[in-house]
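Observations on the model geometry
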Amino acid sequence: MKTILVTGGAGFIGSHTCLLLLENKIKVYVIDSFENSSPKALSRVINLYSNGNKSLNSNLKVYKGNLCDKIFLEEFFQDINKRKEKIDGIIHFAGVKAVSESVKEPLLYWETNLMGTINLLEMMKKYECRNLVFSGSATIYDQNKNCSLKENSNLAPLNPYGNTKLSVEILLNDVFKSSLQDWKFASLRYFNPI
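The text that follows walks through the structure, step by step, so that each part is easy to find. (Residues numbered from 1 in each chain as written. Predicted model: local features only at pLDDT ≥ 70, side-chain atom pairs only at ≥ 80, totals over all residues. Heavy atoms only, no water.)

Of note in this structure, Lys25 is not a glycine but carries a positive phi near 60 degrees. Along the chain, Lys25 falls in the loop between α1 (12-23) and β2 (27-32). A relative accessible area of 63% means that Lys25 is categorised as exposed. With phi around 60 degrees, Phe34 is a residue other than glycine that occupies positive phi space. Among the structural elements, Phe34 can be located in the loop between β2 and α2 (39-50). (Helix = DSSP H or I, 4+ residues; strand = E, 2+ residues; numbered from the N terminus. Buried < 20%, exposed > 50% of the residue type's maximum accessible area, 1.4 Å probe, protein only.)

The following block contains the structure:
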């Protein structure tokens, strides 16, 4: 059975992703701080997935913590390692995401979105997990032009939130280039996923 870590797994997109993974017979670990989400979302995922079969509940394990907390993150990966398990890949939804808040609180956005990702990548390298899907954003595109956007459209974020998302993508590209055979990354650039 494959094992996937979903950061921010209690959020809107994260919880739906967890359910889909479970339905496809993938073991799921979740890291979430529950600052912008609720554990109730994951309870609902378990109810939908297990449909009363309590033995299926063991396929989802939840850890409350923040990616900016390196000690927590190290303990999480050590716990997985002690169980003789391996994370096959990570879907990274954790982060802060309100454009207006990012203008008022840029330091929060840079720390949470960039430093949290750096900490995660360090642990991935240390524990030999090299597959990551990153929850990016279309806010990284230059939106001043009146045209439809394509993946290769000009990049020019207009706010700190977009700047952090583009910076993470630049970081992922640098890490990928450092060792082409080791890392596999994909970035999702959606507008409003709801």
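Additional details are given in the paragraphs that follow.
The next thing to look at is the side chain of Glu169. By the element assignment, Glu169 lies in helix α6 (residues 160-178). For Glu169, the residues in contact, after removing those within four places along its chain, are Phe134, Gly136, Ile140, Ser187 and Arg189. (Contact = heavy atoms within 4.5 Å.)

Secondary-structure assignment places Ser135 in strand β5 (residues 131-135). Among the polar contacts made by the side chain of Ser135, one reaches the side chain of Tyr190 at a distance of 2.3 Å. Contact partners of Ser135, with chain neighbours within four places excluded, come to His92, Phe93, Lys165, Leu188 and Tyr190. (Polar contact = N/O pair within 3.5 Å; in protein donor to acceptor, adjacent residues only side chain to side chain.)

With that settled, consider the nonpolar core. Leu5, Phe76, Phe77, Ile87 and Ile90 are the most contacted members of the largest nonpolar core, which has 25 residues in total. Sorting the residues of this core by element identifies β2, α3 (70-82), α5 (106-126), β5 and α6 as the ones contributing at least two each. Beyond its immediate sequence surroundings of up to four residues, Phe76 is in contact with Leu5, Tyr29, Ile31, Tyr63 and Ile87. By size, the runner-up hydrophobic cluster in this structure holds 18 residues, among which are Cys18, Leu22, Val30 and Val45. (Core = buried A, V, L, I, M, F, W, Y, C linked by side-chain atoms within 4.5 Å.)

Think of a ball as big as a water molecule: rolled over the atoms, this probe shows where empty space is left. Counted as a void, the largest pocket has a volume near 880 Å³. Along the wall of the largest pocket there are 41 residues; nearest its centre are Phe93, Ala94, Gly95, Val96 and Lys97. Counting only elements with at least two residues in the lining of the largest pocket, the list comes to α1, β2, α4 (99-104), α5 and α6. Partitioned by chemical class, the residues of the lining of the largest pocket number 19 nonpolar, 17 polar and five charged. Sorting the residues of the lining of the second largest pocket by element identifies α5 and α6 as the ones contributing at least two each. The class makeup of the residues in the lining of the second largest pocket is five nonpolar, two polar and five charged. (1 Å grid on protein atoms, 1.4 Å probe; cavity = no way out; pocket = protein on both sides within 12 Å on 5 of 7 lines; lining within 4 Å. Points joined across faces, edges and corners; volume = space filled by probe spheres on them. Nonpolar A, V, L, I, M, F, W, Y, C, P; charged D, E, K, R; others polar.)

Two elements, strand β4 (residues 89-92) and β5, share three bridges in a ladder whose sense is parallel. Note on β5: the bridge partner recorded for Ile90 is Leu132. Two elements, β5 and strand β6 (residues 184-188), share five bridges in a ladder whose sense is parallel. Following the sheet pairing, Ser135 is matched in β6 by Leu188. (Pairing = 2+ DSSP bridges.)

Attention now moves to the pairing of β4. Of the two faces of β4, the one lined by Gly89 and Ile91 and the one lined by Ile90 and His92 are each fully buried. In terms of strand pairing, strand β1 (residues 3-7) meets β4 through four bridges, oriented parallel. Paired with Val6 across the bridge in β4 is Ile91.

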